Amino acid sequence: MPTSLSDKVLPLFSSPVYIDVGQNMPDVIDRIKDLEYHNYSKKYRGGEQTTDMNILKSLPDLTEWLEPFVKEYVYGVMGCSEDHIIDVPCSWVNRHRFQDTSHEHNHRNCLYSGIVYLKCEPNGGDLVFTNHKFEMISPDRTHHNIYNSLKWTITPEVGMVCMFPSDLFHFVTMNQSMELRYSLAFNIMLRGKFGNPSSYIDL
């Protein structure tokens, strides 16, 4: 039977997923729709992505709009020191046509990852996070919540920003709209000095 868990359960070692919908996002569709795209999953209808993997460098107004969300997640939610510099080593636009999906994956060689939804319809494909913790015994559930779910679904909307630890697996369900779906994905790395004399690294 569902109970109030807020005072009894610690979400210990969680994977914090940040979601916010910003106002006055710059309209960049006309600037990205005619860019060069390639199909990165020819075996499946996996959508297309820009060949330019540093797309934010050519969209300075969107970069400026996005910056406060990134700082809130990195410095606020994740509690990283502001002595560390936020770097976005790669960013790209995903384009999904009718019936395109995105396979389950995570992002390597970075700390955090994010998505900005530039153009999407209500049935244009949901973002689904998956829990890969192995369960030797998996009992039937009477209800699901953030403590016991193996999947968590987020329905995107234009202007939504979502950020998460890069090792968190996720996929996108099928675009059942006849409209093109555009999202911008990016990875985050922190630069600076890390650790103490016996565990020091300068990135």
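Reading the values: rules and limits
- Residues numbered from 1 in each chain as written.
- Predicted model: local features only at pLDDT ≥ 70, side-chain atom pairs only at ≥ 80, totals over all residues.
- Heavy atoms only, no water.
- Pairing = 2+ DSSP bridges.
- Helix = DSSP H or I, 4+ residues; strand = E, 2+ residues; numbered from the N terminus.
- Axes fitted to C-alpha atoms, helices over the stretch in contact; angles between N-to-C directions.
- Polar contact = N/O pair within 3.5 Å; in protein donor to acceptor, adjacent residues only side chain to side chain.
- Contact = heavy atoms within 4.5 Å.
- Core = buried A, V, L, I, M, F, W, Y, C linked by side-chain atoms within 4.5 Å.
- Buried < 20%, exposed > 50% of the residue type's maximum accessible area, 1.4 Å probe, protein only.
- Patch = residues over 30% accessible without salt bridge, like charges linked within 9 Å, V, L, I, M, F, W, Y side chains within 5 Å.
- Areas by Shrake-Rupley, 256 points an atom, 1.4 Å probe, with all protein chains shown as cover.
- Salt bridge = Lys/Arg side-chain N within 4 Å of Asp/Glu carboxyl O.
- Phe/Tyr/Trp six-rings, centres within 6.5 Å; stacked < 30°, edge-to-face > 60°.
- Lys NZ or Arg CZ within 6 Å of the ring centre and 35° of its normal.

A.B. asks: Help me understand the sheet that holds strand β8 (residues 151-154) in this model?
C.D. replies: Paired through their backbone hydrogen bonds, the strands of a sheet run either parallel or antiparallel. The strand order β5-β10-β7-β8 describes an open sheet built from four strands, whose pairing is antiparallel. Each having just a single partner strand, β5 (102-105) and β8 make up the two edges of the open sheet. The sheet shows a mean angle of 15 degrees between the axes of neighbouring strands, taken without regard to direction. Of the strand pairs in this sheet, strand β7 (residues 127-130) and β8 are connected by four bridges, and their pairing is antiparallel. Counted as the bridge partner of Phe 129 is Trp 152 from β8.

A.B. asks: Got a minute to help me understand the side chain of Ser 177 in this structure?
C.D. replies: Tracing the chain through its elements places Ser 177 in the loop between β10 (169-172) and β11 (181-191). At 2.9 Å, the side chain of Ser 177 and the backbone nitrogen of Glu 179 are in polar contact. For Ser 177, the residues in contact, after removing those within four places along its chain, are Phe 98, Glu 121, Asn 123 and Gly 124.

A.B. asks: It is not clear to me how the nonpolar core should be interpreted in this structure. Could you clarify?
C.D. replies: One broad trend across soluble globular proteins is that nonpolar side chains are buried collectively. Counting 30 residues, the largest nonpolar core has Leu 118 and Leu 184 as the members making the most contacts within it. Where this core is concerned, the elements lending two or more residues are α1 (29-32), α2 (60-77), β6 (112-119), β9 (160-165) and β11. The element contributing the most residues to this core is α2, with eight residues. Those residues in contact with Leu 184 that lie beyond four places of it in its chain are Ile 55, Leu 56, Leu 59, Leu 62, Ser 91, Trp 92, Val 93, Gly 114, Ile 115, Val 116 and Leu 118.

A.B. asks: What exactly am I supposed to notice about a nonpolar patch on the surface here?
C.D. replies: Taken together, the side chains of Leu 10, Leu 12 and Phe 13 make up a nonpolar region of the molecular surface, amounting to roughly 430 Å² of accessible area. Within the element layout of this structure, Leu 10 appears in the segment before β1 (18-21).

A.B. asks: Any chance you could explain the packing of aromatic side chains here in plain terms?
C.D. replies: Pairs of aromatic rings are described using the distance from one ring centre to the other and the angle between the two planes. Overall, the coordinates contain five aromatic pairs when judged by the stated rule. With 5.1 Å between their ring centres and 70 degrees between their planes, Phe 129 and Phe 164 make a pair best called edge-to-face. Placement of Phe 129 in strand β7 and of Phe 164 in strand β9 is noted, with a sequence separation of 35 residues between them. Each member of the pair Phe 129 and Phe 164 is classed as buried. Here a set of aromatic residues connected by ring pairs shows up, and it is made of Tyr 18, Tyr 73 and Tyr 112. Residue placement shows Arg 95 over the ring face of Tyr 37; its charged tip is 3.9 Å from the ring centre.

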